[in-house]
Amino acid sequence: MGKSLALALLGLGLALLGERFVAFRSRLNSSRKLDPVGLPGCRLIQGIETGAEDIDILPNGLAFISTGLRYPGMQSFAPASPGAILLLDLSQAHPQPRALDIRGALDRDAFNPHGISALVDPDGTVDLYVVNHPHQTSTLEVFRFEADTQVLSHIKTIQHPLLHSVNDLVAVGPDRFYATNDHYFTQPLLAQLEVFLGLWWTNVVFYSPEGVKSVAQGFTFANGIAISPDHRFLYVANLGGQNIHILERHGDWNLTQHKVLELGTLVDNLSVDPSTGDVWAGCHPNAMKLLNYDPEDPPGSEVLRIQDILSARPTVTTVFADDGSLLQGSSVAAVFGQKLLIGTVFQRALACHL
């Protein structure tokens, strides 16, 4: 009797494990084949070799780019080198990126930048909020961009128990931002198990000096976050769900769900064209290749443009798609006029004309 029960439990456990494995592969689009979509005038940006994980562009065309991310389970072409913030002036005909000098009390050797968000005050002052993962922790670093000398002055570091596994953020005022946590667990093995099981345990957190609170829950790997031009709606990339959640903001900073847009691809970072309100998404068409990196069969890249996202029938267009022969692991797409920048988690960056 005991042996039969043990065999039955073993069989049940193996069946459950098999079902979870099939579901895991399905969530990662492991069998998806990608049809290429090109753009005119695309060129790889010289000087970006270790990723352009996130990009934020100011109204004057200055683009801030986070590079050198070392993320658990992901490929890195420079695992021993600290990350950096690059500056690219898109108002120039042939812009070249350069690493910004960082001044102040920041451990530069442990700098591991992830999501970024620039906040422009009415007087023109620019503060840059950067997600940082020094020593496998999560902090938010606040910098002042000194336009005359083009350096970043470190203002302060923000840490909070609710900001335990931050992926991305969007600044909505001085010392105020919304941020996504991409894991519930912080212990690496449990975090991997969480992703494997597809648990919907991640969230969006609102931070201000007056208080910090969870304002939206029920995501499986909450990733990129962006805000509409009128600041009424937040867009959250739910990578594991292959969709974008549109959330309405309220006067108390809380959020309520407006709708969910299903996309059928793993959405990473989001950006919004301030002139049109179009949402641009860097996506992973086959994330299994991203996790199991093989230079002979690299992960591809995909960029979506979403028009009229608040309408009953948004228009979703695949603007760019590549099998990895040119660009691997696209994580973000951002526009300035007719210029499109496409960044990646750990590889190159691409500049194209629309």
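The chain is annotated in an unreviewed UniProt entry as Paraoxonase from Ornithorhynchus anatinus. Taken verbatim from the UniProt record of the chain, the Sequence similarities (unreviewed entry) comment is "Belongs to the paraoxonase family."

Pairing is antiparallel in the open sheet, where four strands are placed in the order 11-12-13-14. Two strands close off the open sheet at either side, each with one partner strand: strand 11 (166–173) and strand 14 (211–219). Averaged over all adjacent pairs, the angle separating strand axes in this sheet is 20°, with direction ignored. Across four bridges, the pairing between strand 12 (residues 176–181) and strand 13 (residues 202–208) is antiparallel. Bridge pairing in strand 13 links Phe-177 to Tyr-207.

Moving on: the UniProt feature "active site" (unreviewed entry) in the chain. UniProt's feature table lists "active site" (unreviewed entry) at His-114, given in the numbering used throughout. Examined against the element boundaries, His-114 turns out to sit in strand 7 (residues 113–120). Those residues in contact with His-114, other than ones at most four positions away along the chain, are Glu-53, Asp-54, Ser-66, Leu-69, Tyr-71, Val-131, His-133, Val-166, Asn-167 and Asp-182.

As a further point, take the state of the cysteines. Enumeration over the complete set of coordinates arrives at one disulfide. The thiol of Cys-283 is unpaired, and the distance to the nearest cysteine sulfur, on Cys-352, comes to 15 Å.

Going through the model one piece at a time under the given rule, you end up with nine salt bridges. Here Glu-302 and Arg-32 are joined by a salt bridge, their closest N and O atoms 2.9 Å apart. Pair noted here: Glu-302 is in strand 21 (residues 301–307) and Arg-32 is in the loop between helix 1 (2–27) and strand 1 (43–44), with a separation of 270 residues, a long-range link. Here Arg-32 falls in the partly exposed class, since its relative accessible area comes to 27%. Ionic pairing is found between Asp-101 and Arg-103, a salt bridge with its closest N-O pair at 3.1 Å.

Parameters and conventions
Residues numbered from 1 in each chain as written. Predicted model: local features only at pLDDT ≥ 70, side-chain atom pairs only at ≥ 80, totals over all residues. Heavy atoms only, no water. UniProt positions renumbered as here; feature names shortened; annotations may be inferred. Pairing = 2+ DSSP bridges. Helix = DSSP H or I, 4+ residues; strand = E, 2+ residues; numbered from the N terminus. Axes fitted to C-alpha atoms, helices over the stretch in contact; angles between N-to-C directions. Contact = heavy atoms within 4.5 Å. Disulfide = S-S within 2.5 Å. Salt bridge = Lys/Arg side-chain N within 4 Å of Asp/Glu carboxyl O. Buried < 20%, exposed > 50% of the residue type's maximum accessible area, 1.4 Å probe, protein only.

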